[in-house]
Amino acid sequence: MPDQLLFAMEVTLNGLMAGVLYALVALGFVLIFKASGIFNYAQGVMALFAALTLVGIMEGQVPFAHLINAIFGTEIHHFGWHVPALLAIILTMVVMVALAWAVQRFIFRHLVNQEPILLFMATIGLAFVLEGVGDIMWGADIKKLDVGLPQGINEWIDITTFEAFGYGFFIDNLDISATIVAMILVAALIAFSQYTKQGRALRAVADDHQAALSVGISLNFIWILVWSIAGFVALVAGIMWGAKSGVQFSLSLIALKALPVLMLGGFTSIPGAIVGGLIIGVGEKLFEFLIGPMVGGATENWFAYVLALLFLVFRPQGLFGEKIIERV
Amino acid sequence: MFYREAGDFSTTYSQDSQTFPIKFDRYRYYVVLAIAFGVIPFLINDYWANAVFVPFLIYAIAAIGLNILTGYCGQVSLGTGGFMAVGAYSCYKLMTGFPEISIVIHVILSGGITAAVVTLFGLPSLRIKGFYLAVATLAAQFFLVWLFNKVSWFYNYSASGQISAPERSVFGIIVTGPNTEAWAKYLICLVFVTLCAIIARNLTRGSMGRKWMAIRDMDIAAEIIGVNPMAAKLTAFMVSGFFVGIAGALFFAVYLGAAEVGESFGIDKSFLVLFMIIIGGLGSIFGSFAGAAFMVLLPVFLKNVFVGGLGWPTDLAAHLQFIVSGSLIIMFLIMEPHGLAQLWRLAKEKLRLWPFPH
């Protein structure tokens, strides 16, 4: 096989893996959007915040150390212990549930029945607050996140492909585990929404708020639940991205890429989020590989958005979204 | 009592629809203009010009531009930073390509070029709405920043990838470049702001502005009563682009002097200007000014309090600024979705009756 084709295949595979990560963030968006009609811009920052909190707890950092030191003139940084990864993940989840409660109690409870675009702007405000809080709590420096996931080149794929084509593919173990985790997560979410009481209530709310209210489902509880689930998805995405490129501010920008994913897949469809993620992942990697060198590279910054934009002009509801019907 | 409107009787339609129908407002407006043109230029120094007045005036133009698009026509845009970059880079290319032509004409032309680019990116608005469109404008933001970074023709093949404003003068007074006096910077921005605000105000109260507002309130209903949605949306994008382009050109040429696109016109600029119009008041020219003043003064204030007053490290103050501006956005959206402009209106209502509210 010609080299170019082999390279392209490798790029495609890597694109699929990156796409899974985009899909992970996009999932969080879809969940919140379906249940509450809120387009949660802060999802990316939530992933960053979750990852920061996880690292902070694992390393035994003192929260708000910087602030405390500035006010009281003390010199504290660490408690001096290390928390095992699993416990730290559970503790972070507790923080994310508390965050979900706070978001619901202090922000969106006061904005019920407002226009969607207003809610969207409120989530932009939330993103700023979370970013600031995350930085003040845990410090703004780049952190390494290691929860014991396998990293580095996958030897088996390398050797197998080398024997088959005479060229070994480079696939990161981390990407493979991300894919597996994402699949488990999606299966778990589907099982949750099909077979549990809360899951069914969630789907009822997503279908029709008022009908759900009239059969006795507490909207308040469901919204806290859905923000918690979104927080959990954000945590998983944060762990994956954090292990890949370090926990830093750019994490929230990478997560912005989930927006074009959503536009491709449709705002209301979970399969759409996954397919959209894969299309964007493969598309931008292939574009960078084929066209990138001709125009100076770094096309990954904008390709996803422009693709989504062009796509929207022809199919405004996305691939799997519900048809937009407007009533006067 | 303080706010007098007695003795104002409109007898013609043109009197009734003027910008300041109340004499008191009109005089106050003249007084503000007189102070801005006649007093401040003599008192201003470098610190006040660079930290407060020049960014305030330039952001006010950008906020007016975005307010026309978002506040009046209801099309949310997250691409303001990228559009300002278009203004800045076209101004740079014009300044270096035609050095003999006045900078004022260059700034206006860059506004025109930006208007064309923004209209192009506004085309999808005919098909998509709401936050779909908001995400689509993100495409403009990232694409434009990438374009100005990668295509070296835009920065005249300079090694650093930066653009820097050459020295230009208006009526013999230097207004760009490192040797500019503080008052000259201030005055040229003030002239542009005043003209832009007058144009914007008159556009928004005329038939064009009413069409925009009809589209904003309900586009289908607007179409039924005979507003052409395509023309209305695209003119909103065009006019908005013109103002944002002028703001971008002034931001680069007068305020920064030298700029690098990713740093000066990144997505944080888009959010900053969006925050200005939310806090200031959507759909209000006065609100654009109030919001710009607020968002320019907030970091200065926080820095003075926390760094100057309490002696905290600067990065802590920067993080606090994130929290404060984010919470302010949420607070305003919850408590006063019409922003500072609405507070101002309420204050006027109160002053009208004071001190006998019944």
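Per-chain numbering applies: the sequence of each chain, read as written, is numbered from 1 onward. Lettering of chains starts at A and numbering of ligands starts at 1, both following the order in which they are written. Local features in this predicted model are restricted to residues of pLDDT 70 or higher, and side-chain atom pairs are both shown and tallied only at a pLDDT of 80 or more, whereas totals for entire chains, interfaces and linings draw on every residue. Just so you know, side-chain values use all the structure's heavy atoms and leave hydrogens and water out.

## Points about the overall build of chain B
Rule in force here: A run of H or I in DSSP becomes a helix once it reaches four residues, and a run of E becomes a strand once it reaches two; helices and strands are each numbered from the N terminus. A radius of gyration in this sense is built from C-alpha atoms; the matching globule rule multiplies 2.2 Å by the number of residues raised to 0.38. Note on exposure labels: buried denotes an accessible area under 20% of the residue type's maximum, exposed denotes more than 50%, and partly exposed covers the range between, all computed with a 1.4 Å probe on protein chains only. Contact criterion: two residues are considered in contact whenever any of their non-hydrogen atoms come within 4.5 Å of each other. The Shrake-Rupley method, run with a 1.4 Å probe, gives the accessible areas here. Residue values count only the displayed protein chains as cover. We count Lys and Arg on the positive side and Asp and Glu on the negative side, and we leave His and both chain ends out. By convention, the point assigned to a charge is CZ for Arg, NZ for Lys, CD for Glu and CG for Asp.
The helix and strand tally for chain B stands at 16 helices and four strands. Taking 358 residues into account, the globule formula puts the C-alpha radius of gyration at 21 Å, and chain B, at 21 Å, falls close to it. For chain B, buried positions account for 51% of its 358 residues. The contacts of chain B with a sequence gap of at least 6 include a subset with a gap of at least 24, amounting to 73%. Element-wise, carbon and sulfur atoms account for 67% of the exposed surface of chain B, whose accessible area totals about 15,800 Å². Across chain B, the mean location of the 22 positive side-chain charges is 6 Å away from that of the 17 negative side-chain charges.

## Some thoughts on the pattern of salt bridges
All names here are of chain B. Quick reminder of the rule: A pairing counts as a salt bridge when a side-chain nitrogen of Lys or Arg comes within 4 Å of a carboxyl oxygen of Asp or Glu.
Under the defined criterion, the tally for this structure stands at one salt bridge over all chains. Of the charged contacts in the structure, one is a salt bridge between arginine 216 and aspartate 217, with a shortest N-O distance of 3.1 Å. A relative accessible area of 33% means that arginine 216 is categorised as partly exposed. For aspartate 217, a relative accessible area of 58% puts it in the exposed group.

## Focus: the domain arrangement of chain B
All names here are of chain B. The test is simple: The split into domains, and so the bounds of each, comes from an automatic or database assignment of domains. By convention, the term buried area covers the 1.4 Å-probe accessible surface removed from two parts as they join, with the contributions of both added.
Segmentation of chain B into domains returns domain 1 (1-9 + 21-43) and domain 2 (46-353). Here the C-alpha centre of domain 2 lies 26 Å away from the C-alpha centre of domain 1. Domain 1 puts 12 residues into the contact, and the matching count from domain 2 is 12 residues. Buried surface at the junction of domain 1 and domain 2, both sides included, amounts to about 1,000 Å², of which 69% is carbon and sulfur. Inspection of the domain 1/domain 2 interface yields zero salt bridges.

## As for the interface of chain A and chain B
Rules: Think of a polar contact as two N or O atoms within 3.5 Å of one another; within protein, one of them needs to be a possible hydrogen donor and the other a possible acceptor, and neighboring residues in sequence only count if both atoms come from side chains. The residue classification treats Ala, Val, Leu, Ile, Met, Phe, Trp, Tyr, Cys and Pro as nonpolar and Asp, Glu, Lys and Arg as charged. All others, Gly included, are polar.
Taken together, the 53 residues of chain A in the interface contact 42 residues of chain B. Carbon and sulfur atoms supply 83% of the area buried between chain A and chain B, which totals about 4,400 Å² over both sides. Among the residues of chain A in contact with chain B, Met121, Phe128 and Trp302 of chain A are the three that bury the most area, contributing 15% of the side total. On inspection of chain A and its partner chain B, the count reaches zero salt bridges. Across the contact surface, chain A and chain B share zero residue pairs in polar contact (both at pLDDT 80 or more). Of all the secondary structure elements, the ones that give two or more residues to the side of chain A that touches chain B are α3 (65-72), α5 (116-138), α11 (250-256), α12 (258-265) and α15 (303-314) of chain A. Looking at the side of chain A that touches chain B element by element, the count peaks at 16 residues for α5 of chain A. Tallied by class, residues from the side of chain A that touches chain B come to 40 nonpolar, eight polar and five charged.

## Brief notes about the packing of aromatic side chains
Quick note on the threshold: Whether two aromatic rings pair depends on their centres lying within 6.5 Å, for rings of Phe, Tyr and Trp, where Trp uses its six-membered ring; planes under 30 degrees apart make the pair stacked, over 60 edge-to-face, and the rest tilted. For a Lys NZ or an Arg CZ to count as sitting over a ring, it must be within 6 Å of the ring centre and within 35 degrees of the ring normal.
Taken as a whole, this structure holds 29 aromatic pairs over all chains when the rule is applied. For the ring pair tyrosine 47 of chain B and tryptophan 48 of chain B, a centre distance of 6.2 Å and an interplane angle of 85° mean the geometry is edge-to-face. Assessed through its relative accessible area of 47%, tyrosine 47 of chain B is described here as partly exposed. Seen from their ring centres, phenylalanine 148 of chain B and phenylalanine 154 of chain B are 4.9 Å apart, and the 85° between their planes marks the pair as edge-to-face. According to the relative accessible area criterion, phenylalanine 148 of chain B is buried, its value standing at 4%. Judged by relative accessible area, phenylalanine 154 of chain B falls into the buried class, the value being 17%. An aromatic cluster of at least three residues, connected via ring pairs, comprises Phe29, Phe33, Phe39, Tyr41, Phe120 and Phe128 of chain A together with Phe271, Phe275 and Phe322 of chain B. Over the ring of tryptophan 153 of chain B we find lysine 93 of chain B; its NZ or CZ atom is 4.0 Å from the centre of that ring.

## Observations regarding a nonpolar patch on the surface
Residue and element names in this part refer to chain B. Worth spelling out the cut-off: Here, patches come from residues exposed beyond 30% relative accessible area and free of salt bridges, joined within 9 Å for like charges and within 5 Å for nonpolar side chains (Val, Leu, Ile, Met, Phe, Trp, Tyr).
Taken together, the side chains of Val31, Ile35, Val39, Phe42 and Leu43 present a nonpolar region at the surface, about 520 Å² in accessible area. Counting residues per element, the ones that place at least two in the nonpolar patch are α2 (23-38) and α3 (40-43). Note that phenylalanine 42 resides in helix α3.

## Notes on the nonpolar core
Which entries qualify depends on this criterion: Here, nonpolar core means buried Ala, Val, Leu, Ile, Met, Phe, Trp, Tyr and Cys residues that are tied together by side-chain atoms lying within 4.5 Å of each other.
The biggest cluster of nonpolar side chains holds 216 residues, and the ones touching the most others in it are Phe39 and Trp227 of chain A. The element contributing the most residues to this core is helix α10 (residues 219-245) of chain A, with 16 residues. Leaving out residues up to four positions away in the same chain, phenylalanine 39 of chain A has contacts with Phe29, Phe33, Phe120, Thr123, Leu259, Leu262 and Phe267 of chain A together with Phe131 and Val135 of chain B. Core analysis: the next-biggest nonpolar cluster, separate from the first, contains five residues, Leu6, Met17, Ile157 and Phe169 of chain A among them.

## Structural notes on the packing of α12 of chain A against helix α13 (residues 270-290) of chain A
Residues and elements named next belong to chain A. Threshold: Orientation is described by lines fitted to C-alpha atoms, with helices fitted over the stretch in contact, and by angles between N-to-C directions that extend from 0 to 180 degrees. Each crossing is labelled by how the near helix is turned from the far one, with a counterclockwise turn of less than a right angle marking it left-handed and a clockwise turn marking it right-handed.
Two elements in contact, α12 and α13, have axes whose closest approach is 8 Å; the angle formed by their N-to-C orientations is 120°. In this structure, α12 crosses over α13, and the sense of that crossing is right-handed. In contact with Pro260, Val261, Leu264 and Gly265 of α12, α13 contributes Gly272, Ala273, Gly276, Gly277, Ile279 and Ile280. Here the contact of α12 with α13 is composed, by residue class, of six nonpolar, four polar and no charged.

## A few points about helix α13 (residues 267-280) of chain B
Residue and element names in this part refer to chain B. Which entries qualify depends on this criterion: To estimate the expected span of a helix, count its residues, drop one, and scale the result by 1.5 Å.
The end-to-end C-alpha distance of α13, which contains 14 residues, comes to 20 Å, matching closely the 20 Å that a straight helix rising 1.5 Å per residue would cover. With respect to burial, α13 is a largely interior element, 12 of its 14 residues being buried. Among all positions in α13, only Ile267, Lys269, Ser270, Phe271, Val273, Leu274, Phe275, Met276, Ile277, Ile278, Ile279 and Gly280 are buried. Looking one or two residues past α13, glycine 281 carries a phi angle of roughly 135°, positive in sign.

## So, the confidence of the model for chain B
Quick note on the threshold: pLDDT is a per-residue confidence score from the predictor, ranging from 0 to 100.
Of the residues in chain B, 97% have a pLDDT of 70 or more, and the chain-wide mean is 85. Predicted as a complex, the structure gets a pTM of 0.85 and an ipTM equal to 0.80.

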